[in-house]
Structure formats: structure tokens, C-alpha cells
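Listed below are the residues making up each chain.
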Amino acid sequence: MESVAYAWLASGLAIGMAALGAGIGMGYLVGKGLEGVSRQPEAAGSIQRLMVMGIAFVEALALYGLVIAFFLVFKT
Amino acid sequence: MSIDLGLMIWTWVSFLILLYLLGRFAYRPMMFLVERREKRIRDSLRQAEDEKRNAEAVTREREALLRETQEQAGSALEGAREAAEGQKRRIIAEAREEAGRIIKQAEAEIQREKRQAMVELSESVADLAIEAAERIVRSELDRNKHQVLVDEFITDLENKSIGH
Amino acid sequence: MEHFLLRVVVPLSIGSLRLDITQAVIIMWVSCMLLGLLFFLSVRQVGMIPRGVRNILEAILLFIREDIVKRNLGLEGTCYFPFVATLFLFVLISNWIGLFPHSFTATSNINVPAALAFLVFAYVQVEGIRRKGFLGYLRHYAPEGIPPALYPIMIPIEIISTLAKPFSLAVRLFANMLAGHMVILVFLGMTATGVWFLKAVPLCGAVVMAMFEIFVGLIQAYIFSMLTAIYLSEAVGAE
């Protein structure tokens, strides 16, 4: 019973911390992307595409945590 | 959720069959058509570019020719106008000179005629007077006295008509 | 969670190896056949001007050729175009077909992305050896400009990073697909409880997530094929 509680706690921590890190990273990414776009509006297209790619990479990190969390929750 | 070798094998089989079929029957004809279209578009663009350049050259040539022709026509017109002006001036001057000469000649003629007429007239008047006087003298008076009188009269008459 | 478990449709096994035809296999076949049908419809067309579905396929193929293959592999990379394009289309169709109700996302099972990633890994290594020779391939693990004293550290790191690439490739695709579809399922599960007017909120969430999943499926297919092209270009040493 206790191990189940730990697993739930761990799953919450996993997705929470993964989202924390990914959120910080994504914030930097989008912020820098917007800075670049406002500085050089003619390069908006390629900046946006690279930004979306970067966001997908960062998002994958959060999703790793999410998957681990799912496994921990449904393990029981 | 665990490693399932069977599903992996099925994935490989499906993917490789798809890769083979698409690579063999799908990509090649499609990309061939796409490349042919790209080539045709590129060729058409280049051809259009060439034709545009040619047309521009022809237009420029025509414009140059037109400008040259206009210049020539303008200078020809100007020359013709100057020539006509000169001719006109010359003709007018000639005509004026001719007219002056004719007038002078006519005046001289008139003068000469007049003088001749005057001489003739004075001669005939004298003759007439003398004849008249002869007739009178023959009939009445002595000739010398009357001659003086008649001369006086004629001089008077001459003075009157010429001095007039 | 049981939605993501494999259901055996036709049991099949060779010796001790189980080759069950599960719903994931059937969905993969369906997506392959769908792709085949789309290509059949478009290849049948003659003439210069594409019509109908061929517009989409040509746009996708040209995008793959220009933005993924040629940008990373240069002009000589055209021979890798069929592999990369098939990967893209396979992953894309697998991602999208899972959005239909009662179907299954083949890429949300770890085995399918893992198989694809392993295939990519093997192909990249084989191409590396074929293009550079075995010695040149081995030199790849000992980068130039690094003093030989550091080799005992650098070579294991290089080997680990090489091995980690297919792993991250597989897990990225798998995690995205699993998480996205699971979020949709959680929203839909919420609609089963509560009063009727509150059910609209998770329903809207599910619809928005489903639309987002269309985008994510495209992005993940793009990233999968993009990374494949990048790994290939690293292996064959293209500029």
C-alpha cells in the first residue's frame, strides 16, 4: 500500500518537474524567437519554423516525464 | 506495454514492403513528372526572359531610328525654310530693284518727252506767232516793230508756261 | 490505459516467436494500403498539371526533397530520398489515423517507433561504413582535434551518444503520441461523469487536443525524418 502511494507521489513529481524544466526552456525559446522576429521581421518565417522545431524537442522532454508518470500510475 | 518482438518484426515487414513498393512504383514516376515540369517551367522562364530582352533591344533600336529620322526631318525642314526665306528675300529685292529701274526709266522718258514737247511747242508757237505776225504785218504794220512786240509776247508766254 | 494495449486478432507464432497479428499490425496495414491507394490515384494521372490528391502528395514530396533531404544531405542525398520520404509518410499516416475513433495509433506503442528507430540506426551505420569504409567509419568515433590522451573518455562518450540517438528518436515519437492521445482519452473520460452542462468543458478540451494532435503528428513526422536526414548526413560526411 505504501509503495503505491510512493508511486503516485513519484508520478506527480515526475510530470511536475518535467513540465517545470520544459516550461522554463520553452519560455526562453519563445522569448528569444520573438526577440529575433521583432528585430528582423523579414526572417520571421524561418525563425518560426526553427522555433516550432525547438519547441517540439523541448516538449518531448516534458512528455518523457509524462510517460514515466503514466507508467508509475498504472503500474499499481 | 513491453517489448514485443512480433510487433517490431511486423513493423519492419510493413515498412520495408511499403518502402519497396513506393520506391519502385510511386516516387520515380511522380518525381519524374515533377522534374519534367520544373524543367519546362525553367525553360519557359528562360525563353520568356530572352524574348523580353530581344523585344527590348528591338524597341530601343526603333526608338533610336525614330529619333534620328525626326532629327533629320527637322533639319531638312529647317534648311528648306531657310532656303525659301532666302529665295523670297532675293526675289523681293530683285522685284523691287526692277520696279525702281522701270520707274526711273519711265521718269527719264517722261522728262525727255516733256522737254521735247516743250521745244516743239515753243518752236511751233514761235512759228505760229511769226506766221500770224507776218500776216498782220503784211497787211498793216511794218515788220520790225511787230517783231519786237511778238518776241516780247512769246517771251512772256514762255516765262509764264515754263516758270509755271 | 487498456485502450493502448495490444489486442490479438489472429494468433500466429513460429516456434517460440509470437507473431500475433494485433490491431496495431492491422492498422499499420491499413495505413500502408491508404498510402498505396493515394499514390495509385496520383501516379495514374498523366500530364503536367496535377489534380486532386496528387497536389498534396507532390507538395509533401517536394517539401521532403527540398527542406529535409537536400538541406541536410546536399544534391547527392537524392538517393536517400525514398527512405526518408517513406519514413515521413509512414509516421504521418500512423499518427493521423489514430485520431479516428475506434482506430489505434500504431506509433503510440513503443515497439513501432523502436523498430523504425532501429531501422534508421542500422541504415545509418551501414551507409556510414559503405561511404567511408570501415576505418573511416571507426575514425568517426575519435573526432579530430582532440588529443589522444582524451580518447579513453571520448570514445565511450561517442559510442553512447551514437547508441542514444535511436533511443531518443523512438521515445520522442512514442511519448508524444501516447501522451497526446492519452490526454484526449482523459478528457473524454471526464465527460462520462458530472452533470450534463459541465460535460461540455472536457468535450471542448478533447476537441482542441484532437486538433492539436493533428499538428503534433505532422511535427513529429517532420522531426523524425529530419533527424534521420541529419544522422545520415553525419554518417556519410555530407556538407
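It should be noted that the structure appears before, not after, this text.
Because the structure is a prediction, the values reported are computed rather than measured.

Here is what the cut-offs are and how they apply
Residues numbered from 1 in each chain as written. Chains lettered and ligands numbered in written order. Predicted model: local features only at pLDDT ≥ 70, side-chain atom pairs only at ≥ 80, totals over all residues. Heavy atoms only, no water. Helix = DSSP H or I, 4+ residues; strand = E, 2+ residues; numbered from the N terminus. Buried < 20%, exposed > 50% of the residue type's maximum accessible area, 1.4 Å probe, protein only. Contact = heavy atoms within 4.5 Å. Areas by Shrake-Rupley, 256 points an atom, 1.4 Å probe, with all protein chains shown as cover. Salt bridge = Lys/Arg side-chain N within 4 Å of Asp/Glu carboxyl O. Polar contact = N/O pair within 3.5 Å; in protein donor to acceptor, adjacent residues only side chain to side chain. Nonpolar A, V, L, I, M, F, W, Y, C, P; charged D, E, K, R; others polar. Axes fitted to C-alpha atoms, helices over the stretch in contact; angles between N-to-C directions. Parallel < 35°, antiparallel > 145°, perpendicular 65-115°, else oblique. Left-handed = near helix turned anticlockwise from the far one by under 90°. Expected span 1.5 Å × (residues − 1). Bend = angle between axes of the 7 residues up to and from the residue.

A.B. asks: Give me the lowdown on the overall build of chain C, citing residues and values where you can.
C.D. replies: For chain C, the helix and strand inventory stands at six helices and four strands. Of the regular secondary structure in chain C, the N- to C-terminal order runs β-β-β-β-α-α-α-α-α-α. With the C-alpha coordinates aligned to their principal axes, the bounding extent of chain C is approximately 70 × 50 × 45 Å. Residue burial in chain C is summarised as follows: out of 239 residues, 49% are buried. Intrachain contacts of chain C at a sequence separation of at least 6 include 65% that bridge at least 24 residues. Here chain C displays about 11,600 Å² of accessible surface, and carbon together with sulfur accounts for 75% of that area.

A.B. asks: So what about the interface of chain B and chain C? Which residues, and what values?
C.D. replies: By a widespread convention, an interface's size corresponds to the accessible area lost as its parts come together. If you look at the interface, chain B gives 31 residues, while chain C gives 48 residues. Inspection of the region where chain B meets chain C yields three salt bridges. Linking E58 of chain C and R37 of chain B is a salt bridge whose minimum nitrogen-to-oxygen distance equals 2.7 Å. Our count for the contact surface shared by chain B and chain C stands at eight residue pairs in polar contact (both at pLDDT 80 or more). A per-class count over the side of chain B that touches chain C returns 21 nonpolar, four polar and six charged.

A.B. asks: An account of the pattern of salt bridges is requested, with residue identities and associated values reported.
C.D. replies: Applying the stated criterion across every chain, the model contains 19 salt bridges over all chains. Here R65 of chain C ties to E66 of chain C by a salt bridge, and the two come within 2.9 Å at their closest N and O atoms. Residue E66 of chain C is classed as partly exposed on the basis of its relative accessible area of 34%. Put simply, E35 and E38 of chain B together with R65, E66 and K70 of chain C are held in one network by salt bridges that share partners.

A.B. asks: I'd love a proper account of the packing of helix 2 (residues 53-73) of chain C against helix 6 (residues 196-236) of chain C, names of residues and values included.
C.D. replies: All names here are of chain C. The contact between helix 2 and helix 6 brings their axes to 8 Å, and the two run at 30°. As judged from the angle between their axes, helix 2 and helix 6 are roughly parallel. Once helix 2 is placed against helix 6, the crossing between them reads as right-handed. Each of F63, D67, I68, N72 and L73 in helix 2 lies in contact with helix 6, whose residues at this interface are Y222, S225, M226, A229, I230, L232, S233 and V236. Per-class residue counts for the contact of helix 2 with helix 6 are nine nonpolar, three polar and one charged.

A.B. asks: Run through helix 5 (residues 151-190) of chain C, naming residues and quoting values.
C.D. replies: With 40 residues, helix 5 of chain C extends 55 Å from end C-alpha to end C-alpha; this agrees with the ideal 58 Å at 1.5 Å per step. Considering bend angle alone, the principal kink of helix 5 of chain C is centred on A164 of chain C and spans about 30°; proline P166 of chain C follows within four residues of it.

A.B. asks: Could you give an account of the environment of I64 of chain C, naming the residues involved and the relevant values?
C.D. replies: Mapped onto the secondary structure, I64 of chain C falls in helix 2. The spacing of I64 of chain C and V84 of chain C is 20 residues in sequence and 7.7 Å in space, taken between C-alpha atoms.

A.B. asks: How would you sum up unusual backbone geometry? Please name residues and give values.
C.D. replies: Residues apart from glycine generally show negative phi values, whereas peptide bonds are mostly found in trans. Look at H102 of chain C: it is not a glycine, yet its phi comes out positive at around 70°. Among the residues examined, H102 of chain C registers a relative accessible area of 87% and is labelled exposed.

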